[in-house]
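Take a look at the letters that make up each chain.
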Amino acid sequence: MLVGVAILPTAPVLVPGVSPTLPRGAARVCDAVDATVELLVPHDVSVVLAGAMTGRVFRRAEASLAGEGRPDICARPRVDLEVARRIAVATRLPMATEAPLPLDLTVLTLLLGKKRAVVALTVPATASFDTLAATGAAIAHGLADPDRRCVLVAAGDLSAGLGPASPLHVVDGAEDFDARIVEAVDAGRLDQLKCFAPDEAQRVGARGWPALAALHGALAATKLGLVRRHYSAPQGVGYLVAQGA
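Summary of the structure given here. The model shown is predicted, which means the values in this text are computed figures rather than measured ones. (Residues numbered from 1 in each chain as written. Predicted model: local features only at pLDDT ≥ 70, side-chain atom pairs only at ≥ 80, totals over all residues. Heavy atoms only, no water.)

Focus: the overall build of the protein
Phase 1: From N to C terminus, the protein includes seven helices and 10 strands.
Phase 2: Against the globule reference of 18 Å for 245 residues, the protein gives a C-alpha radius of gyration of 16 Å, in line with a compact fold.
Phase 3: Along the first, second and third principal axes, the C-alpha atoms of the protein reach 45 × 40 × 30 Å.
Phase 4: Per-residue burial over the protein gives 56% buried out of 245 residues.
Phase 5: Once local pairs closer than 6 in sequence are excluded, the contacts in the protein between residues at least 24 apart make up 80%.
Phase 6: As displayed, the protein has an accessible area near 10,500 Å², and 52% of this comes from carbon and sulfur atoms.
Phase 7: Averaging the positions of the 24 positive and the 24 negative side-chain charges in the protein gives two centres separated by 5 Å. (Helix = DSSP H or I, 4+ residues; strand = E, 2+ residues; numbered from the N terminus. Rg over C-alpha atoms; globule rule 2.2 N^0.38 Å. Buried < 20%, exposed > 50% of the residue type's maximum accessible area, 1.4 Å probe, protein only. Contact = heavy atoms within 4.5 Å. Areas by Shrake-Rupley, 256 points an atom, 1.4 Å probe, with all protein chains shown as cover. Lys, Arg positive; Asp, Glu negative; His and termini not counted. Charge placed at Lys NZ, Arg CZ, Asp CG, Glu CD.)

Here is the structure:
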């Protein structure tokens, strides 16, 4: 069953050991991530969720930063194939065998550590809010097995256009986008993400929006709550950290 949720950003620099020198402000994000992971409710399976071109449930969980120049930072946690199958059936997402995992799922897997089984999946970044929310509800349904305690961890990367040092430089409306997402989390109203279309999220570079929309569906289906632990934008990229049970 789904017993907890979390939102974590997926920047590789947040993974311990990736960089000897963190960008200004990133240490606070790392501290918030570490505290959130430490305080996750006891569980058997970590389900990691991010947006991508297509939605898939992964049979394998090879998490490697070789593509970022750090092949030494990797993990291959056990995959709970029964949970993966249940999610695939409930969501009608195809099972995938590709390895390694996409970067966002790789970072989430590495941040969570190697203590528990993992199931990784993506949802389509171009899907509507309603479609993503329905997928999130289906994920929760797929995790209804009372013999397994699961935590759902969604990507929390917001706008990438918040300043001259950001990947997208300065994007009009990016600050308002992040402010409204943070307000929605604080108010316990992730349904307010519906006011943003997928193309608007892509315009401001908010990679986490699809996962957050799906997370809303899972929260609504299970009546779990969510509390923001941190938001900041080092290097002009918004990083959201939250936790709930």
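Some thoughts on the pattern of salt bridges
Phase 1: All chains considered together, the criterion is met by 13 salt bridges.
Phase 2: Where Arg148 meets Asp80, a salt bridge forms, and the shortest distance between an N and an O atom there is 2.7 Å. Residue Arg148 is found in the loop between helix H4 (129–142) and strand S8 (150–155), and its partner Asp80 is found in the loop between strand S5 (70–75) and helix H2 (81–91); the two are separated by 68 residues along the sequence.
Phase 3: Looking at Asp80, the relative accessible area reads 7%, which means it is buried.
Phase 4: Across the pair Arg180 and Asp176 runs a salt bridge, and its minimum N-O distance is 3.5 Å. Here Arg180 pairs with Asp176, and both are found in helix H5 (residues 174–186), just four residues apart, close to one helical turn.
Phase 5: A relative accessible area of 42% places Asp176 in the partly exposed class. (Salt bridge = Lys/Arg side-chain N within 4 Å of Asp/Glu carboxyl O.)

Re the environment of Leu105
Phase 1: Relative to the assigned elements, Leu105 resides in helix H3 (residues 103–112).
Phase 2: Leu105 gets classed as buried once you look at its relative accessible area, which sits at 0%.
Phase 3: The spacing of Leu105 and Gln192 is 87 residues in sequence and 25 Å in space, taken between C-alpha atoms.

Things to note about the pairing of strand S9 (residues 227–232)
Phase 1: Pairing analysis gives five bridges linking S9 to strand S10 (residues 239–244), with the strands arranged antiparallel. Note on S10: the bridge partner recorded for Ser232 is Tyr239.
Phase 2: Once S9 ends, the chain turns through six residues before running back antiparallel as S10, passing Gln235 with a positive phi of about 60 degrees. (Pairing = 2+ DSSP bridges.)

Structural notes on the nonpolar core
Phase 1: Within the largest apolar cluster, 91 residues are counted, with the highest numbers of intra-cluster contacts made by Val47, Leu49, Ile87, Leu152, Leu215 and Leu226.
Phase 2: With eight residues, the single largest contributor to this core is helix H7 (residues 209–222).
Phase 3: If we ignore the near neighbours within four places in the chain, the residues touching Ile87 are Val47, Val57, Arg92, Val119, Leu121, Ile139 and Leu143. (Core = buried A, V, L, I, M, F, W, Y, C linked by side-chain atoms within 4.5 Å.)

Some details on the environment of Asp145
Phase 1: With respect to the secondary-structure elements, Asp145 resides in the loop between H4 and S8.
Phase 2: The sequence separation of Asp145 and Glu82 amounts to 63 residues, and the corresponding C-alpha distance is 9.9 Å.
Phase 3: If near-sequence neighbours (up to four positions away) are discounted, Asp145 is found in contact with Met1 and Arg86.
Phase 4: Within the structure, the side chain of Asp145 is placed 2.9 Å from the backbone nitrogen of Asp147, a separation counted as a polar contact. (Polar contact = N/O pair within 3.5 Å; in protein donor to acceptor, adjacent residues only side chain to side chain.)

A short note on unusual backbone geometry
Phase 1: With phi around 65 degrees, Arg92 is a residue other than glycine that occupies positive phi space.
Phase 2: Its place among the elements puts Arg92 in the loop between H2 and strand S6 (95–96).

What to know about the packing of H2 against H4
Phase 1: Between H2 and H4, the shortest axis-to-axis distance is 8 Å and the interhelical angle comes to 140 degrees. Judged on the interaxial angle alone, H4 and H2 are oblique. Between H2 and H4 lies a crossing of right-handed hand. The residues of H4 that touch H2, namely those facing Arg86, Ile87, Ala90 and Thr91, are Thr135, Ala138, Ile139, His141 and Gly142.
Phase 2: Counted by class, the contact of H2 with H4 contains four nonpolar, four polar and one charged residues. (Axes fitted to C-alpha atoms, helices over the stretch in contact; angles between N-to-C directions. Parallel < 35°, antiparallel > 145°, perpendicular 65-115°, else oblique. Left-handed = near helix turned anticlockwise from the far one by under 90°. Nonpolar A, V, L, I, M, F, W, Y, C, P; charged D, E, K, R; others polar.)

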